[in-house]
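As a plain string of letters, each chain reads:
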Amino acid sequence: MHSTDKLSRYARSICLIFAVLALFAAGSPALAQAQQSGTSRVDQLSDDQVMEFYRRAQASGLSEAQVEQAAMSQGYTLTDIAKMRKRMNDLRSGSGSGRQRNQVFADTANGRTLPRGLSRRIMDSLPLTVQRDTSKKLKVFGASLFENADLSFEPNLRIATPRNYVVGPDDEISLDISGAASDSFRLKVSPEGTVKPPNIPPIFVSGLTFEQAEQRIIARLRQAGYQGLNSPGSGTYANMSLSNIRSIRVTLVGEVVRPGTYTISSLGSAFNALYLAGGPNPETGSFRKISVIRGNRAIRTIDLYDFILRADQRDNIILKDQDVIRVADYETRVELSGQVRRPAIFELLPGETLKTVLGFAGGFGEEAYRASITLRRNTDRERQIASITQEQLGSFVPQSGDKYFVGKILDRYENRIQIAGAVMRPGDYALTPGLETVKQLIIRAEGLRKDAFTNRATISRERPDMDRENLSFDLGKLIRGEIADIPLQRQDSLTVLSIQDLREPYYVTIEGAVNKPDTIDFVNNMSVADLIVQAGGFQEGAKPNLVEVARRIRQDSAGVRTNTLQTFRFSLDRGLYMTRLETRPSTAPDSADAFRLQPFDIVYVRSSPNYEAQRQVYVFGEVMFPGNYAITSREERISDAIRRAGGLRPSAYMSGAQFSRKGQLIGNNMQRILEDPSAEENLLLNDNDTLFVPRRSEIVSIEGAVLNPSLISYKTGYDFDDYISEGGGFTENARKNKAYIIYQNGRKDRTHRFLFFTSRPKVEPGSSIVVPFKPIDKAGLSPVERIGILSLIGTLAATAASVIVNLRR
């Protein structure tokens, strides 16, 4: 931040840069190339070179006068100055190259460039006085005008020459003659104020307007041989323009950020010079009493508030050489904060009031408390506080140092009443004459809804101590005039309940053989057929002549009931016509058509016992006709599926056949099914069962705690231990006695042990031998530690036994 401010000062005092350009032009290849070309020399500079010039400018030690002389002696123009200022502003705002920008911004107060990492540490260690202030304190109104890098008030040098422009020394005039004669002159105004066309005596033009100078020069040219120049019918015409505008020097003194003498364009204005100097000092300078002094006489007093608030540029006059701009000290400043549109520190002139300050701030905010403004004022000994009413705004004269605060209105209503619930228009209403009672409020809300519960309504009322109390009354009697109407007070809230708010939500349920079983909201006068229609109608396998309704018993009884529900059985046809009511309790209607559902009824639609959707089994592998097969009866088994698939192929290996149900492999001995169809392994078929008959596998898999887990070809004479040897043998952490085999058909068999004898399972083609690992010793005990623990346990056991024996004696 410190380096950024420093760069800003050098960017605005751009003359230092051009001094360095002048000093080092001879040694810069880029500048040498630029001097040979017709383009601006500033355009030829890279970001690296601009940064190098910036660093050298800091160490140059030249005064501004020396800087100007050196730059002008090298031929730099005002256009070069404007372009260099833009380059520096771009680097400062971040649009330049990131690498060069970071290097330059790392420049510290000692005037040299540091590595970025070291620079960052130095910046972090700077005192808080040079760090950016992040507190939310008010800013001086108008100060931001001169902090905007995009607003410089520079004159536009590309417009046509103003006819009232006053010509002076160092201006360059371009004169082109065309027609019967052709010629071109570039005339520079000398320090004596004259221009000299070829073969013509000097012509004095200094102090004349551009229009007057043009008339004088053309008149001299007519006398010198250009007869009838610019005269109608002469055929010879002259066009004069200003090809280069001179620079002028103005001085800014007083309470400005950077007082000094500045070189600007002769078209430069007072605002342009103020911007170059950083504007008035926000701490002490006045933004409303800025004097332009010419010839020891103040010719204009600038009030920046006129430009900021009304875009009035009458005070932005064109400056002349040796003009002085003086920024005076402010006399009266006040703070205005709170609920205003532009909280800030404002400057006042004599005769202005607090109403004027409020206008500077844009007026009150939307939620401002306008009845009074709080004032905090410093006295000779202490502070005092006061309240300024709205009537006093136009006459109250602020003093310097006053702090005014506009508060926020309360988050409450002075005349609000509310109505909610079973009325046509619930909401907020104003407590006004004609709307002061409960009955009047209900009428204003366009009356009660039909479902309103009129036996009781409530008013929530705010008591004087801010607590709330509840007032209940019979709304029906109040509406009929049987009891007195109730007056309302501010903040009252009337609630009218609905009868639906006082009961359990009503619904009916339909289940069974319908297309969309569901629970839906109950409506009056609904029949069983209506509910079936809402459920999407009967399924294909529904039995319409067997529909039941289960109903709650709502009446209380003195004794204990054995039946807690009532049931009704109906017979319908596919057209949803009710043919008869078969089960008729005492509360049932006389005819089936008159039966209507009640809240919480459950309707059951049964399925036909002889109806069943198609079920199928998938048979594939080494069968004659693999594919899907429908299950034709409830007694069909695995052997039937194999038979319907055309039997087995010669290559089928039935011992490895796999039977799956719901995605899970069922261990089963399929070979036994072929040998004995009545065997228990011949399971009944279910929907989506899968039977896979493989070919004989010639591979045995060895997995787990062996040295070389692998796949080994099946050998008829090999047993379990032979295959383990083929896998490199057991590892040290193998659980040898827990080894087991997974057969191809999903069955498993483990190692059996009796006393000192171990029986290993038989290995078949396609089997997988699995040797588990020993569990990891989480305690991580060494053998010595284990022996010590076992020894301690043995000692404790012996001691306990000895104690028990002594107790028995």
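Just so it is clear, the structure is predicted and the values come from calculations on it, not from any experiment. (Residues numbered from 1 in each chain as written. Predicted model: local features only at pLDDT ≥ 70, side-chain atom pairs only at ≥ 80, totals over all residues. Heavy atoms only, no water.)

In this structure, what is going on with the overall build of the chain? I would like to understand it.
Scanning the chain from terminus to terminus reveals 19 helices and 38 strands. The buried share among the 809 residues of the chain stands at 38%. Pairs at least 24 residues apart make up 60% of the contacts formed inside the chain by residues separated by at least 6 positions. A total accessible area of about 46,500 Å² is found for the chain, and carbon and sulfur atoms account for 49% of it. (Helix = DSSP H or I, 4+ residues; strand = E, 2+ residues; numbered from the N terminus. Buried < 20%, exposed > 50% of the residue type's maximum accessible area, 1.4 Å probe, protein only. Contact = heavy atoms within 4.5 Å. Areas by Shrake-Rupley, 256 points an atom, 1.4 Å probe, with all protein chains shown as cover.)

Please clarify how the sheet that holds strand 27 (residues 616-621) should be interpreted in this entry.
Neighbouring strands of a sheet are bound in pairs by backbone hydrogen bonds; such pairs are parallel or else antiparallel. An order of 28-27-31-29-30 is seen for the five strands of this open sheet, with the pairing classed as mixed. Two strands bound the open sheet, and with one partner strand each, they are strand 28 (627-630) and strand 30 (664-666). Adjacent strand axes in the sheet meet at a mean angle of 25 degrees when their direction is disregarded. (Pairing = 2+ DSSP bridges. Axes fitted to C-alpha atoms, helices over the stretch in contact; angles between N-to-C directions.)

Would you mind going over the side chain of S286 with me for this structure?
As for its placement among the helices and strands, S286 is situated in strand 8 (residues 285-293). There is a polar contact of 3.1 Å between the side chain of S286 and the backbone nitrogen of R288. Filtering out sequence-adjacent residues up to four positions away, S286 remains in contact with P280, V327, A328, D329, Y330 and E347. (Polar contact = N/O pair within 3.5 Å; in protein donor to acceptor, adjacent residues only side chain to side chain.)

It is not clear to me how the nonpolar core should be interpreted in this structure. Could you clarify?
A general feature of soluble globular proteins is that nonpolar side chains tend to end up buried together. Residues L319, I325, L336 and F346 are the most contacted members of the largest nonpolar core, which totals 51 residues. Here the element with the most residues in this core is helix 10 (residues 270-276); it accounts for six residues. When near neighbours in sequence (up to four residues on either side) are disregarded, L336 contacts L138, P343, A344, F346, V357, L358, A361, Y404 and V406. F185, V195, L221 and L229 belong to the second largest nonpolar core, which has 25 residues in total. (Core = buried A, V, L, I, M, F, W, Y, C linked by side-chain atoms within 4.5 Å.)

Looking at this structure, how should I read the sheet that holds strand 1 (residues 172-179)?
One open sheet accounts for three strands, arranged 2-1-5; its pairing is antiparallel. Strands with a single pairing partner mark the edges of an open sheet, and in this sheet they are strand 2 (183-188) and strand 5 (236-244). Adjacent strand axes in the sheet meet at a mean angle of 20 degrees, parallel and antiparallel pairs treated alike. By the bridge criterion, eight bridges tie strand 1 to strand 5 in an arrangement that is antiparallel. Bridge pairing in strand 5 places I173 opposite L242. Sitting on the sheet, helix 9 (residues 210-223) is in contact with strand 1 and strand 5, with an inclination near 135 degrees to strand 5.

Quick question: what am I supposed to make of a nonpolar patch on the surface here?
Nonpolar side chains collect at one region of the surface, where F754, L755, F756 and F757 lie side by side and expose about 600 Å² of accessible area between them. Tracing the sequence through the fold places F757 in strand 37 (residues 757-759). The class for F757 is exposed, based on a relative accessible area of 59%. (Patch = residues over 30% accessible without salt bridge, like charges linked within 9 Å, V, L, I, M, F, W, Y side chains within 5 Å. Salt bridge = Lys/Arg side-chain N within 4 Å of Asp/Glu carboxyl O.)

How should the environment of E214 be read in this particular structure?
Relative to the helices and strands, E214 resides in helix 9. The spatial distance from the C-alpha of E214 to the C-alpha of N239 is 9.0 Å, given a sequence separation of 25 residues. Once residues within four sequence positions are removed from consideration, E214 is found in contact with R163 and M240.

What's the story with the packing of aromatic side chains in this structure? I'm lost.
What characterises a pair of aromatic rings is the spacing of the ring centres plus the angle enclosed by the ring planes. For the structure on display, the rule yields 14 aromatic pairs. An angle of 80 degrees between the planes, with centres 5.2 Å apart, marks the rings of Y507 and F600 as edge-to-face. Taken together, the positions of Y507 in strand 21 (residues 507-512) and F600 in the loop between strand 25 (578-581) and strand 26 (602-607) put the pair 93 residues apart, joining distant regions of the chain. According to the relative accessible area criterion, Y507 is partly exposed, its value standing at 29%. In this structure F600 comes out as buried when scored by relative accessible area, which is 12%. (Phe/Tyr/Trp six-rings, centres within 6.5 Å; stacked < 30°, edge-to-face > 60°.)

What is the right way to read helix 9 from this model?
Along an α-helix, a turn takes 3.6 residues, which lines up residues three or four apart on a common side. In this model, helix 9 (14 residues) spans 20 Å end to end at C-alpha, consistent with the 20 Å of a helix rising 1.5 Å per residue. Looking only at helix 9, the buried set comprises F210, A213, E214, I217, I218 and L221. What you see down the axis of helix 9 is that its buried residues fit within an arc of 125 degrees, all on one side. For helix 9, exposure combined with an orientation more than 90 degrees from the buried face picks out Q215 and Q223. The inward-facing, buried residues of helix 9 abut strand 1, strand 3 (194-195), strand 4 (203-204) and strand 5. Positive phi shows up at G225, right after helix 9, with a value of about 130 degrees. (Expected span 1.5 Å × (residues − 1). Arc of directions from axis to C-beta.)

Looking at this model, I keep getting lost on the pairing of strand 11 (residues 332-338). Mind explaining?
Along any regular strand, the residues point their side chains to alternate faces of the sheet. Two elements, strand 11 and strand 12 (residues 344-348), share five bridges in a ladder whose sense is antiparallel. Counterpart to E335 in the pairing with strand 12 is I345. Here strand 11 hands over to strand 12 after five residues, the two strands then running antiparallel side by side. Sheet analysis places strand 11 next to strand 15 (residues 403-406), joined by four bridges and oriented parallel. Across the sheet, L336 pairs through a bridge with Y404, a residue of strand 15.

Please clarify how the pairing of strand 13 (residues 372-378) should be interpreted in this entry.
Summarising the sheet, strand 13 and strand 14 (residues 383-389) pair through seven bridges and their orientation is antiparallel. Paired with R376 across the strands is I385, a residue of strand 14. Sheet topology note: the strand 13/strand 15 ladder contains three bridges and is antiparallel. In the strand pairing of strand 15, R376 is matched with K403.

I keep staring at unusual backbone geometry and nothing clicks. Help me out?
Even without a glycine there, the phi angle at Q322 is positive, about 75 degrees. On the basis of relative accessible area, Q322 is assigned to the exposed category, the value being 51%. In the Ramachandran plot, E446 falls in the positive-phi region, its phi being about 65 degrees despite a non-glycine side chain.

Honestly, the pattern of salt bridges in this entry has me stumped. Any pointers?
Two side chains carrying opposite charge are able to pair once their charged atoms lie near each other. Applying the stated criterion across every chain, the model contains 28 salt bridges. A salt bridge links R449 to D451; the shortest N-O distance between them is 3.1 Å. Each of R288, D303 and E352 takes part in a single network of salt bridges with overlapping partners.

So what exactly am I meant to see when it comes to the side chain of R246 here?
Within the secondary structure layout, R246 lies in the loop between strand 5 and strand 6 (247-254). Reaching out from R246, the side chain makes a polar contact with the side chain of Y165 at a distance of 2.8 Å. Here the side chain of R246 touches D171 through a polar contact of 2.4 Å, side chain to side chain.

I would appreciate a short explanation of the environment of R643 in the present structure.
Residue position: R643 is located in helix 16 (residues 638-644). As for R643 and V623, which are separated by 20 residues in sequence, their C-alpha atoms are 9.3 Å apart.

What should I look at first to understand the confidence of the model for the chain in this one?
Parts of the model with low pLDDT should not have their predicted coordinates read in detail. When pLDDT is averaged along the chain, the result is 81, and 78% of the positions lie at 70 or above. Mean pLDDT across the elements of the chain ranges from a minimum in helix 8 (residues 116-124), with 39, to a maximum in strand 15, with 96. For the stretch residues 63-69, pLDDT sits under 50, and the model shows seven contacts to residues farther than four places along the chain or on other chains. A low-confidence stretch, residues 95-135 (pLDDT under 50), is modelled with 50 contacts involving residues beyond four sequence positions or located in other chains. (pLDDT = per-residue confidence, 0-100.)

How should I be thinking about the environment of E622 in this particular structure?
Among the structural elements, E622 can be located in the loop between strand 27 and strand 28. Residue E622 is classed as buried on the basis of its relative accessible area of 14%. A sequence separation of 25 residues divides E622 from G647, and the C-alpha atoms of the two residues are 8.9 Å apart. Ignoring anything within four residues of it in the chain, the contact list for E622 reads L648, R649, S651, A652, V693, P694 and R695.

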